[in-house]
Amino acid sequence: MLDTLEFVLRILFFVLSITWAGKIMILRTDKQIVINPLLIIISSLLVMLPSSNEGIELLGISVQNIKITLYCIYLVIVLIGIYATSKKNGIF
């Protein structure tokens, strides 16, 4: 179950990362200065974590649950960023 959820989140991660990269190339806003470092930090954490198939735990939480949480946080930040950059009077 968690493997399927992680796979779906990886696909969404890929699609939204491409969408966000397109927004960066087309629009240059001050909002991206806040959002981009957060996305870079989350992406680097996802890369550094070991594969979830090994059953390793960090701080009592399985690596797979940590990855799923990081993917969800990343997706929420990108969706908020896309919304904020598409509206003139957005969130920021």
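None of the values given here were measured: they were computed from a predicted structure.

## Considerations on the overall build of the protein
Secondary structure assignment for the protein yields three helices and two strands. Counting from the amino terminus, helix and strand elements in the protein follow one another as α-α-β-β-α. Buried residues in the protein amount to 30% of all 92 residues. Looking at the protein alone, contacts between residues at least 24 apart form 68% of all its contacts between residues at least 6 apart.

## Comments concerning the packing of aromatic side chains
This structure, assessed with the given rule, holds two aromatic pairs. A ring pair is formed by F13 and Y71, whose centres lie 5.4 Å apart and whose planes are at 70°; its orientation type is edge-to-face. Placement of F13 in helix α1 (residues 2-26) and of Y71 in helix α3 (residues 63-86) is noted, with a sequence separation of 58 residues between them. Each member of the pair, F13 as well as Y71, is classed as buried.

## Things to note about the nonpolar core
The biggest cluster of nonpolar side chains holds 18 residues, and the ones touching the most others in it are W20, L39, I42, L46, Y74 and V78. Elements that contribute at least two residues to this core include exactly α1, α2 (31-48) and α3. With sequence-adjacent residues up to four places away left out, L39 is seen in contact with W20, Y74, I77 and V78.

## A short note on the confidence of the model for the protein
A low pLDDT means the predicted coordinates there should not be read in detail. In this model, the protein carries a mean pLDDT of 76, and residues with pLDDT of at least 70 account for 79%. When pLDDT is averaged over each element of the protein, α3 comes out on top at 82 and strand β1 (residues 57-58) at the bottom at 68.

## Things to note about the environment of I66
Checked against the element boundaries, I66 lands in helix α3. On the basis of relative accessible area, I66 is assigned to the partly exposed category, the value being 21%. In this structure, the C-alpha to C-alpha distance between I66 and L49, residues 17 residues apart in sequence, is 8.8 Å.

## Comments concerning the environment of I73
Topologically, I73 is positioned in helix α3. Along the backbone, I73 and L39 are 34 residues apart, and their C-alpha atoms lie at a distance of 9.2 Å.

## A closer look at α2
A rise of 1.5 Å per residue sets the reference length of α2, with its 18 residues, at 26 Å; its end C-alpha atoms lie 27 Å apart and thus fit the reference within 8%. Taken as a whole, α2 has its buried residues at K31, Q32, I35, L39, I42 and L46. End-on, the buried residues of α2 take up no more than an arc of 105°, which puts them together on one face. Of the exposed residues in α2, the ones pointing more than 90 degrees away from its buried face are I33, I40 and M48.

Cut-offs and rules
- Residues numbered from 1 in each chain as written.
- Predicted model: local features only at pLDDT ≥ 70, side-chain atom pairs only at ≥ 80, totals over all residues.
- Heavy atoms only, no water.
- Helix = DSSP H or I, 4+ residues; strand = E, 2+ residues; numbered from the N terminus.
- Buried < 20%, exposed > 50% of the residue type's maximum accessible area, 1.4 Å probe, protein only.
- Contact = heavy atoms within 4.5 Å.
- Phe/Tyr/Trp six-rings, centres within 6.5 Å; stacked < 30°, edge-to-face > 60°.
- Core = buried A, V, L, I, M, F, W, Y, C linked by side-chain atoms within 4.5 Å.
- pLDDT = per-residue confidence, 0-100.
- Expected span 1.5 Å × (residues − 1).
- Arc of directions from axis to C-beta.

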